Amino acid sequence: HHSSAQHFSNNIHERSMKMYTITIAVLSLTLLFSRSQAFAPLHQMPTAKRQRASCSSLQAVSSRRDALLAAGAFSSFLLLPQQTARAEAVTASPTIGGINKQIANVEAWPGIENLEPMFELKLSVDAMTAGIVADSKNYPYIKKRLDKFFKGSVLSEKNFYLGVGLQYMNDIKYTSGELPNYVVMDKQARYDALELTMKNLEGLKSVLGKDGADAGIIEGYAKDSQAALASWFAMVPTNELKAVEELFVHVKKADVNRDGRLSDDELASLSVEEQQVWKKRVDKFG
């Protein structure tokens, strides 16, 4: 019986990793072959302002956004089935800068500009959870925000963030001598955390739409989504988290007129290094 159970477990893991590999392949191919199709940004979150890309780079940004949305949508089709039962929570601290839980040794991490959109998502999920816990009067607003997050099928904010997360994970460069099994396990753990985040957010949206929903269940979905995303960030080095948090704070402070974009004068208030990182972030994601 033990060998049969182990065989079944191995088969499940193998199928899961095949789907992960296919998703990464789709992401890479879409990034390579996607064509520019301009459409309005879909990923504005209430806790953060966004800088708009210049007209000269709009088509390039739209092309990259299309790629991220396509990859996220394909990932959703493979690994994010609808569930009526609440997804199991990930045991992780919801605070940033916790214990580094990465499984495999990493030689080089993606640039901070690739992490910044995920950090904004984290801030939004944290704020949403705090609002859920603080007062049930916040439920309608949060339900409306989640409806917008999942609206649009392929062209949804959910798929955008799935695509951003997948690209960040795919761009991690592991040490050449690392055991392949550890690399696979590391990638799987990161993906599982992202998957659970979206499952619990979708569960929260669903339960908020029901009359007389139990407050404990609602809070459970919110806290589970927060914990799942925190577990994704727990596998990112503390220095990377500190850098992206500082970038976010400095950009928000530089946006004096609060119009969601940085003028040349506002951009100049950032350090030279942060100016370069922010330009990359805007060029890539808008």
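Cut-offs applied
- Per chain, the residues get numbers from 1 upward, laid out in the order the sequence is written.
- Only residues with pLDDT of at least 70 are given local features in this predicted model, and only at 80 or more are side-chain atom pairs given and counted; all residues enter the totals for whole chains, interfaces and linings.
- Side-chain calculation: all heavy atoms of the structure are included, whereas hydrogens and water are not.
- Where helices and strands are cited, they refer to DSSP runs of H or I of at least four residues and of E of at least two residues respectively, numbered from the N terminus.
- Buried, partly exposed and exposed residues are distinguished by accessible area as a fraction of the type maximum, computed with a 1.4 Å probe on protein chains only: under 20%, between the cut-offs, and over 50%, respectively.
- Note on contacts: a residue pair is in contact if any heavy atoms of the two residues lie within 4.5 Å.
- The protein chains shown are the only cover counted for residues, whose accessible areas, like all others here, come from Shrake-Rupley with a 1.4 Å probe.
- Note on ring pairs: Phe, Tyr and Trp rings are taken, using the six-membered ring of Trp, and paired if centres are within 6.5 Å. Classes follow the plane angle, with under 30 degrees stacked, over 60 edge-to-face and the rest tilted.
- Each residue after the first adds 1.5 Å to the expected span of a helix.
- Think of a polar contact as two N or O atoms within 3.5 Å of one another; within protein, one of them needs to be a possible hydrogen donor and the other a possible acceptor, and neighboring residues in sequence only count if both atoms come from side chains.
- Comment: axis = line fitted to C-alpha atoms, over the contacting stretch for helices; angle = value between 0 and 180 degrees taken between N-to-C directions.
- Note on terminology: angles under 35 degrees are roughly parallel, angles over 145 are roughly antiparallel, angles of 65 to 115 are roughly perpendicular, and the others are oblique.
- Here a crossing is taken to be left-handed if its near helix is turned anticlockwise relative to the far helix by less than a right angle, and right-handed if that turn runs clockwise.
- On a range of 0 to 100, pLDDT expresses the predictor's confidence in each residue.

Attention now goes to the overall build of the chain. Secondary structure assignment for the chain yields ten helices and two strands. Burial statistics for the chain: of 286 residues in total, 47% are counted as buried. A sequence separation of at least 24 residues applies to 84% of the contacts in the chain between residues at least 6 apart. As presented, the chain carries roughly 14,600 Å² of accessible surface, and 55% of it is formed by carbon and sulfur atoms.

Once that is clear, we can look at the packing of aromatic side chains. Counting across every chain of the model gives seven aromatic pairs. A centroid spacing of 5.2 Å and a plane angle of 85 degrees characterise the contact between phenylalanine 160 and tyrosine 161, whose relative ring orientation is edge-to-face. In this structure, phenylalanine 160 and tyrosine 161 share a single accessibility class: buried. Ring centres of tryptophan 232 and phenylalanine 233 lie 5.1 Å apart, and the angle between their planes is 75 degrees; this geometry places the pair in the edge-to-face category. Neither residue differs from the other here; tryptophan 232 and phenylalanine 233 are each classed as buried. Members of the aromatic cluster, joined through ring pairs, are Phe149, Phe150, Phe160, Tyr161 and Phe285.

The terminal C-alpha atoms of helix H7 (residues 215-233), which comprises 19 residues, lie 27 Å apart, in line with the 27 Å expected from a rise of 1.5 Å per residue. Of all 19 residues in H7, 14 are buried; the element is thus mostly enclosed. A side-chain oxygen of the first residue of H7 lies 2.8 Å from the backbone nitrogen of glycine 216; this N-cap is aspartate 214.

This part is about the packing of helix H3 (residues 112-134) against helix H5 (residues 157-170). The contact between H3 and H5 brings their axes to 9 Å, and the two run at 135 degrees. As judged from the angle between their axes, H3 and H5 are oblique. Read as a crossing pair, H3 and H5 show a hand that is left-handed. Here Asn114, Leu115, Pro117, Met118 and Leu121 of H3 lie close against H5, whose contacting residues are Tyr161, Val164, Gly165 and Tyr168.

Below, the discussion takes up the environment of proline 117. Structurally, proline 117 can be placed in helix H3. What makes proline 117 buried here is its relative accessible area of 0%. Placed 47 residues apart in sequence, proline 117 and valine 164 show a C-alpha to C-alpha distance of 7.5 Å.

On average, the chain scores 75 in pLDDT, and the residues at 70 or more come to 65%. Ignoring residues within four places in sequence, the model shows residues 1-26, a span with pLDDT below 50, making 20 contacts including any to other chains. Throughout residues 74-100 the model reports pLDDT below 50, and contacts reaching past four residues in sequence, or to other chains, amount to 63 contacts.

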